[in-house]
Each structure stands twice: as C-alpha cells, then as structure tokens.
Amino acid sequence: MDKLVIEGGNRLEGVVPISGAKNSALKLMCASLLSSEPLTLHNMPRLADITTLADLLNHMGVTVTMAGGRGGRIAGRSLTFDAGQINDTVAPYDFVRKMRASILVLGPLVARAGEAIVSLPGGCAIGTRPIDLHLKALTALGAEIDVAEGYVRASAPKGLKGGNIRFPFVSVGATENALMAATLAKGTTVIENAAREPEIADLAACLNAMGAKIEGAGHETITVEGVDRLHGAEHEVMPDRVEAGSYAVAALMTRGNLFLEGARAHDMQATLDKLEEAGGIVSVEDGGIRVKSNGHIHGFNIVTQPFPGFATDMQAQFMALACVADGASVITEAIFENRFMHVPELCRLGADITVTGSSATVRGVEALKGAPVMATDLRASMSLALAALVANGKTEIRRLYHLDRGYERLEEKLKAVGANVERMPD
Ligand SMILES: CC(=O)N[C@H]1[C@@H](OP(=O)(O)OP(=O)(O)OC[C@H]2O[C@@H](n3ccc(=O)[nH]c3=O)[C@H](O)[C@@H]2O)O[C@H](CO)[C@@H](O)[C@@H]1O
Ligand SMILES: C=C(OP(=O)(O)O)C(=O)O
C-alpha cells in the first residue's frame, strides 16, 4: 500500500484542472441500466470508485468500453456503458460494501428489469447511512420490497407506476433512485422535498438526453412523466465541485494563487462565500475560478446543510483551514453523525480542536507540525493533506485508498502547482 509524504511550507501557484465529478459520474453510470442502447459519458474522472462500479455493472452484463474522445476532449475520459442485455439483477455484498453508491442500481434495475436484489450497503466510517427513504420511494412507485438476509429484494413484474413521493427530509441518494425509477414508470411521478444538489440536475439532464421527461430537477419539486423506453445518449459529466473546493482551500491555506480550471461557481457558492469570509479572494474568470489569499486567515463558523447550504463533503477540508486561522471557528456537522474522524489526526499535527456532540470548536494555532497520520475516510484524507501542506516538516499519510476513491492524481496536481509531495510504497 502507498503512503503520501508531504513536506509543508510551499506556496501553491498555478492551474489545477478539475476532473469530472465522482458524485455525478457514479449515478450517471447507474442510469445506463435504464436503456438497452449505449450511454457514453464524457469527462469521466479516473478514480477507484469508478472502477468498482464499472466492475459491478459488468457483473450484471453491462459492457464498458473506452469511447473515442470527441474534439477537444482528453483521450480515455469517455466511457460507453452498454446495457443491451442485463444478465444478472443481483448486486452482491462484495461490490456494495466497497462503495455505497452501488445502491443506486436498485431503482434503474427494478424499473427496467422488473426485479433487483441489492445488498444492503450498511454503515460506513462517517455514519449509519440508512436507505429507508430509497425503499419508501420505490414502494410509492409500486415496487414490492422485502429486506432479508442483508439484501433488498425489489420487484415490479408488471412495471412501476407513477406516484407521489414526499421526502420527510432531503436525501440525495433517495432522490436519485426515485428519479431514475420514475423515468420508466407508467404515468406521472411528483417528487417533493427533492434534493437540489447540482448532481441531481446533471443526472436529470442525462436522463432527458436519453428520452426521459423530467421537469424541475434542481428544485424542491420534480415532475417525471414516465416513458416506455429510454434510448442511447452522450453526456458530459459536470466538474467536481468538491475537488475544486478542496484545492480552493489549499490556495488560501498556503497563501497561494490557484486557478481552478473548469470549476463552476454556481455549483459551489456556499464554499466560495465561506472562503471569502475566511480571507480568500475569489474571482470567477473565463473557464474557471481563481482563489487567492488576502494574507490572513480569519476564523469562521459552519453548519453543514443540503444544497444550497454548506456541503458536508467540504467540512473536513474547512476544518484543516480553521486549524491555522486567527481565532476560533465552530464547525457543526448536521448531515452525518460521525464525520469528525479527522479530528484526532489533525490534533496529531498540533491542531487545537474540542468536539462536543455534533460541533467542533477549532482554535487556530500559530503553526502545525508534521507527523505520521492515518486517513479514515475520503474527505478526511484531503483535510490531512491540506494540513500537511502548511505544517512545518514532513507528514506521512497512510491508508491512501480512501483518497484514491475521490481525488484523481492528487499528488501530480499538487506537484504541478509547487507542492513538495511524493507518493511512495509504505
Ligand atoms: C443531503 C446531503 O448532504 N447529502 C450528502 C450525502 O448523500 P447521500 O446520498 O450519501 O446521503 P443522503 O443525502 O441520502 O443522506 C442525508 C441524510 O439522510 C439520512 N438518510 C438518507 C437516506 C435514507 O434512506 N434515510 C436516511 O435517514 C442520512 O443518514 C443522512 O443523515 O453524502 C454524500 C457523500 O458524502 C454527499 O455528497 C451528499 O451531499
Ligand atoms: C463520502 C463520500 O462519498 P460516498 O457517499 O460515496 O461514501 C464523498 O464523496 O465525500
């Protein structure tokens, strides 16, 4: 297994190309199950999670091939998913346990094949992560659901029927499963209190390109007019707003100047607002966003919320920023019950953090000091890398498989803008 070795202290300056969004690409791949014709996705990120889901789809009979990049596109970033034949409607535990997004095959499978047997994803490092809302939504569309022996069995042999789904609180995954299933249901589906994350609008745009009739994605109420079949399509994955936000924090922490090529401000306004509050100078330029520092890092307060609020996926990275701010910051995690695993590791680097329930009080310190640390989950890994970039001396980060789930070529991108970072075998 590899480790990341970072020697802190370098100012970062230059261009960071932002990859396609993991949290959109994975859902778009699941959408390929809805059609017997191929779906080609452009701007695919090269990440471990993409490979894991491609393996699961392949197990079900979907062929995955590299598509030729179209004009101006980087070769090898276009993949075609051909679900002409679904041979197996079972998503086994061994796939699902590796990656929670696998639960997003449930809606498409039951809609297209009339049945699906998907392993329960279970909890993960950041919390319990139940799927009751996914199941209720599919039940509202007429699926019969049975949960036994660690598996969800969903069936709708005569097809799904449009229905009214009102979520009691916002769930990104449940909205996505409901949306995909509803595209092939008979009649109209209305989804209320739907998640408004940009990845939902990206998924709906792809589904509409496949012939679906979806209105209102990106808003609280989504209406889906079911169609008999979806056809093949091409779609470009939206830029990764969490990757962009993570590098934006790096620019501010290192008192640097980074151009986040491809990032879209409207996808990440809450992140940009908080960066400015903390001392960042943010400018939206042609083709991306520039983030510079005003020379100071001020303390700030955060409460994570569904979009358009401050994203839970950016909480750990902003905690690293708070560690070196002037004064204190209070960071409240309101989405997941256990998303502070980075706290003890940041403290190993000299951070001063006290956790009380779902809030962490972070008192900024003069300087962090390099130390060996361990990544506990995806965004926690990035918060450790960020802290290491400004720590005195050397930090070694272990358990990089978390990082590789969601940050493409992190060390190459950081090196290109001046960081002293190496990936080496442990
Ligand atoms: C609203 C929100 O910020 N969602 C985040 C969540 O999406 P993800 O889709 O994984 O999670 P959900 O949006 O579904 O979860 C939101 C909340 O609802 C709860 N829940 C969810 C489904 C369900 O059936 N029952 C239930 O109780 C979850 O435990 C959580 O507290 O994690 C992703 C990965 O970090 C982030 O990219 C998403 O931004
Ligand atoms: C936790 C994340 O992903 P997942 O839901 O796939 O675990 C994330 O993207 O920060």
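In this convention, every chain numbers its residues from 1, walking through the sequence in written order. Written order decides the labels, with chains lettered from A and ligands numbered from 1. Only residues with pLDDT of at least 70 get local features here, since the model is predicted, and only at 80 or more are side-chain atom pairs given and counted; chain-wide, interface and lining totals rely on the full set of residues. No hydrogens and no water enter the side-chain calculation; it runs on all heavy atoms of the structure.

Describe in detail the side chain of S35, supporting the description with residues and values.
Note on placement: S35 falls in the loop between α1 (22-31) and β3 (39-42). The buried label goes to any residue with under 20% of its type's maximum accessible area, the exposed label to any with over 50%, and the partly exposed label to all in between, with areas taken from a 1.4 Å probe on protein chains only. Given a relative accessible area of 0%, S35 falls into the buried group. Under this definition, polar contacts are N or O atom pairs within 3.5 Å; protein pairs additionally need one hydrogen-donor-capable and one acceptor-capable atom, and for neighbouring residues in sequence, both atoms have to be side-chain atoms. A polar atom in the side chain of S35 sits 2.9 Å from the backbone nitrogen of E37. Counting from the N terminus, the helices are DSSP H or I runs at least four residues long and the strands are E runs at least two residues long.

How would you explain the site of ligand 2 if you had to name every residue and give the values?
Only heavy atoms are used to decide nearness, and a residue is near a molecule or strand if one of them lies within 4 Å of it. Taken together, the neighbourhood of ligand 2 is formed by K22, N23, I126, R129, D313, R339, L378, R379 and R405. In the model, an oxygen atom of ligand 2 is placed 2.7 Å from a nitrogen or oxygen of the R379 side chain. Broken down by secondary-structure element, the contributors of at least two residues to the shell around ligand 2 are α1 and α12 (378-390). Residues are grouped as follows: nonpolar covers Ala, Val, Leu, Ile, Met, Phe, Trp, Tyr, Cys and Pro; charged covers Asp, Glu, Lys and Arg; every other residue, Gly included, is treated as polar. Considered class by class, the residues forming the shell around ligand 2 number 2 nonpolar, 1 polar and 6 charged. In this entry, domain limits derive from an automatic or database-based domain assignment. Counting the residues that make up the shell around ligand 2, at least three belong to each of domain 1 (2-18 + 239-425) and domain 2 (22-236).

Give me the environment of V224: which residues, what numbers.
One can find V224 in strand β13 (residues 222-225). With 12 residues separating them in the primary sequence, V224 and A212 have C-alpha atoms 7.9 Å apart.

Give a detailed account of the nonpolar core, specifying residues and quantitative values.
Counting residues in each nonpolar core, the largest one holds 75 residues, and the members touching the most others are M29, V105, L179 and L207. Contacts between residues were defined by any pair of non-hydrogen atoms, one from each residue, lying within 4.5 Å. The residues touching L207, leaving out its near neighbours within four places in the chain, are A31, L34, L179, M180, T183, A212, I214 and L230. In this text, buried Ala, Val, Leu, Ile, Met, Phe, Trp, Tyr and Cys residues form a nonpolar core when linked through side-chain atoms within 4.5 Å. Core analysis: the second largest hydrophobic core is formed by 70 residues, M319, M382, L389 and L403 among them.

Residues and numbers for the site of ligand 1, please.
Contacts to ligand 1 come from 18 residues, most closely from D132, L133, S171, D313 and I335. Between ligand 1 and S171 there is a distance of 2.6 Å, counted from an oxygen atom to a side-chain nitrogen or oxygen. Interatomic distance of 2.6 Å between a backbone N/O atom of I335 and an oxygen atom of ligand 1. Each accessible area is a Shrake-Rupley estimate made with a 1.4 Å probe; only the visible protein chains count as cover when residues are assessed. Burial of ligand 1 by the surrounding chains reaches 85%, relative to a free accessible area of 710 Å². Those elements that provide at least two residues to the shell around ligand 1 are α5 (132-140) and α6 (172-183). Here the shell around ligand 1 gets 3 residues from one element, more than from any other, and that element is α5. When its residues are assigned to classes, the shell around ligand 1 shows 8 nonpolar, 5 polar and 5 charged. The residue makeup of the shell around ligand 1 includes at least three contributed by each of domain 1 (2-18 + 239-425) and domain 2 (22-236).

Mind laying out the UniProt feature "active site" (unreviewed entry) in the chain, listing which residues take part and the relevant values?
Under the present numbering, the feature "active site" (unreviewed entry) in UniProt falls on C124. Here C124 shows up in the loop between β7 (115-119) and α5. When its relative accessible area of 32% is taken as the criterion, C124 is described as partly exposed. UniProt positions are given in the numbering used here, feature names are shortened, and annotations may be inferred rather than shown by experiment.

Quick one: what's the story with the sheet that holds strand β2 (residues 13-17), residue by residue and with numbers?
Whether two strands pair depends on DSSP finding at least two bridges between them. The strand order across the open sheet built from 4 strands is β2-β15-β17-β16, with neighbouring strands paired in mixed fashion. The strands lining the two open edges of the sheet, one partner per strand, are β2 and β16 (280-285). Direction aside, the axes of adjacent strands within the sheet are offset by 20° on average. Inspection of the sheet shows strand β15 (residues 257-261) paired to strand β17 (residues 288-293) by 5 bridges, in the antiparallel sense. Bridge pairing links F259 to R290 in β17. Lines fitted to the C-alpha atoms define the axes, with helices restricted to the stretch that makes contact. Angles between their N-to-C directions range from 0 to 180 degrees. Sheet contacts for helix α9 (residues 269-277): β16 and β17; angle to β16, the most-contacted strand, approximately 140°.

Break down the pairing of β17 for me, with residues and values.
In this sheet, β17 lies alongside β16 in antiparallel orientation, the contact comprising 6 bridges. Residue pairing in the sheet places E285 in a bridge with G288 of β17.

Tell me about α1, residues and numbers included.
In terms of burial, α1 is largely enclosed, as 10 of its 10 residues are buried. Turning to α1, its buried residues are K22, N23, S24, A25, L26, K27, L28, M29, C30 and A31.

Would you mind going over the sheet that holds β13 in detail, with residue names and values included?
The strand order β10-β11-β13-β12 describes an open sheet built from 4 strands, whose pairing is mixed. In the strand order of this sheet, the two ends are held by β10 (164-166) and β12 (213-215), each with one partner. Neighbour-to-neighbour, the strand axes of this sheet turn through a mean angle of 15°, independent of strand direction. Bridging between strand β11 (residues 188-192) and β13 involves 4 bridges; their strand directions are antiparallel. Across the sheet, residue I191 finds its bridge partner in β13, namely I222. Each of β10, β11, β12 and β13 touches α6; the most contacted strand, β13, lies at about 25° to it.

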